[in-house]
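Here is how the chains run, residue by residue.
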Amino acid sequence: MKANVVMLGAGAWGTAIAKSIAENGHDVTLWCRRVEQAQEINKTRINTKYLPDVVLPANVHADTNIVQAVDGKDFLIIAIPSLFVIETVQKILDIPSIKNGKTVIGIITKGFLPTKNGIKLITEALQEILPPC
């Protein structure tokens, strides 16, 4: 079954995983914070800052609009630095497929996050703000 996947994070880790998913036949939207990076990926198929020797498949598309990138996707994978995870996820909480739990969310970011209840694993911190499954 072909899936529509969004990768939040276009660093080396997110780009490499996006490439692997795309090579397995799925459509991948690679969310970038910087417009120049998204334009470069869409035009040249290369993320020169993070993976300069890797050509991305045609079914990887970069986007800087996080709501547009996430809306209606089957899977969302978070690959952004841990310090920005909560701030970024808060931007997508009102998207219908996130709000109603239809988009499956995976996290490949490592680390801990400070919360009002102390330091927590990223998954624990996200459970506090994401809707229940």
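In the block above lies the structure referred to throughout.
Now for a description of the structure that goes with this document. (Residues numbered from 1 in each chain as written. Predicted model: local features only at pLDDT ≥ 70, side-chain atom pairs only at ≥ 80, totals over all residues. Heavy atoms only, no water.)

### Points about the nonpolar core
One recurring pattern in soluble globular proteins: nonpolar side chains tend to sit buried together.
Turning to step 1, where the next piece is worked out: Within the largest apolar cluster, 19 residues are counted, with the highest numbers of intra-cluster contacts made by Leu8, Val70, Leu76, Ile78, Val85 and Ile92.
Turning to step 2, where the next piece is worked out: Those elements giving two or more residues to this core turn out to be strand E1 (4-8), helix H3 (66-70), strand E4 (75-78), helix H4 (85-90) and helix H6 (122-127).
Turning to step 3, where the next piece is worked out: Not counting residues up to four positions away in its chain, the partners in contact with Val70 are Val6, Leu8, Leu76, Ile92, Ile95, Ser97 and Ile98.
Turning to step 4, where the next piece is worked out: Counting residues in hydrophobic clusters, the runner-up holds 17 residues, among them Ala22, Leu30, Cys32 and Ile41. (Core = buried A, V, L, I, M, F, W, Y, C linked by side-chain atoms within 4.5 Å. Buried < 20%, exposed > 50% of the residue type's maximum accessible area, 1.4 Å probe, protein only. Helix = DSSP H or I, 4+ residues; strand = E, 2+ residues; numbered from the N terminus. Contact = heavy atoms within 4.5 Å.)

### What to know about the sheet that holds E4
Turning to step 1, where the next piece is worked out: Spatially, 5 strands are ordered E3-E2-E1-E4-E5 in an open sheet, and the strand pairing comes out parallel. Each edge of the open sheet carries a strand with a single partner, namely strand E3 (60-63) and strand E5 (104-107). For this sheet, the mean inter-axis angle between neighbouring strands, taken without regard to orientation, is 20°.
Turning to step 2, where the next piece is worked out: Taken together, the 4 bridges between E1 and E4 define a ladder with parallel strand orientation. Residue pairing across strands places Val5 opposite Phe75, the latter belonging to E4.
Turning to step 3, where the next piece is worked out: On the sheet, helix H1 (residues 12-23) packs against E1, strand E2 (27-31), E3 and E4 and is oriented at approximately 165° with respect to E2.
Turning to step 4, where the next piece is worked out: Strands in contact with helix H2 (residues 35-44) are E2 and E3; relative to E3, the strand with the most contacts, it is inclined by about 155°. (Pairing = 2+ DSSP bridges. Axes fitted to C-alpha atoms, helices over the stretch in contact; angles between N-to-C directions.)

### Description of the environment of Lys110
Turning to step 1, where the next piece is worked out: Within the secondary structure layout, Lys110 lies in the loop between E5 and strand E6 (112-115).
Turning to step 2, where the next piece is worked out: Among the residues examined, Lys110 registers a relative accessible area of 74% and is labelled exposed.
Turning to step 3, where the next piece is worked out: Expressed as a C-alpha distance, the spacing of Lys110 and Ile122, which sit 12 residues apart in the sequence, is 7.4 Å.
Turning to step 4, where the next piece is worked out: Contact partners of Lys110, with chain neighbours within four places excluded, come to Ser82 and Ile122.

### Brief notes about a nonpolar patch on the surface
Turning to step 1, where the next piece is worked out: On the surface, a cluster of nonpolar side chains totalling about 340 Å² of accessible area is made up of Phe112, Ile119 and Leu121.
Turning to step 2, where the next piece is worked out: As for its position among the elements, Ile119 is in strand E7 (residues 118-121).
Turning to step 3, where the next piece is worked out: By relative accessible area, Ile119 is classed as exposed at 68%. (Patch = residues over 30% accessible without salt bridge, like charges linked within 9 Å, V, L, I, M, F, W, Y side chains within 5 Å. Areas by Shrake-Rupley, 256 points an atom, 1.4 Å probe, with all protein chains shown as cover. Salt bridge = Lys/Arg side-chain N within 4 Å of Asp/Glu carboxyl O.)

### Digging into H1
Turning to step 1, where the next piece is worked out: Here H1 contains 12 residues, and its C-alpha end-to-end distance of 16 Å stays within 8% of the 16 Å for a straight helix at 1.5 Å per residue.
Turning to step 2, where the next piece is worked out: Elements that come into contact with the buried residues of H1 comprise E1, E2, E3 and E4.
Turning to step 3, where the next piece is worked out: Looking one or two places after H1, you find Gly25, whose phi comes out positive at around 95°. (Expected span 1.5 Å × (residues − 1).)

### As for H2
Turning to step 1, where the next piece is worked out: Residues of H2 that are buried include every one of Gln37, Ala38 and Ile41, and no others. All buried residues of H2 fall inside an arc of 100° around its axis, so they share one side. Of the residues in H2, the exposed ones pointing more than 90 degrees away from the buried face are Glu36, Gln39 and Lys43.
Turning to step 2, where the next piece is worked out: Lining the buried residues of H2 we find E2 and E3.
Turning to step 3, where the next piece is worked out: Two residues or fewer after H2 comes Arg45, characterised by a positive phi angle close to 70°. (Arc of directions from axis to C-beta.)

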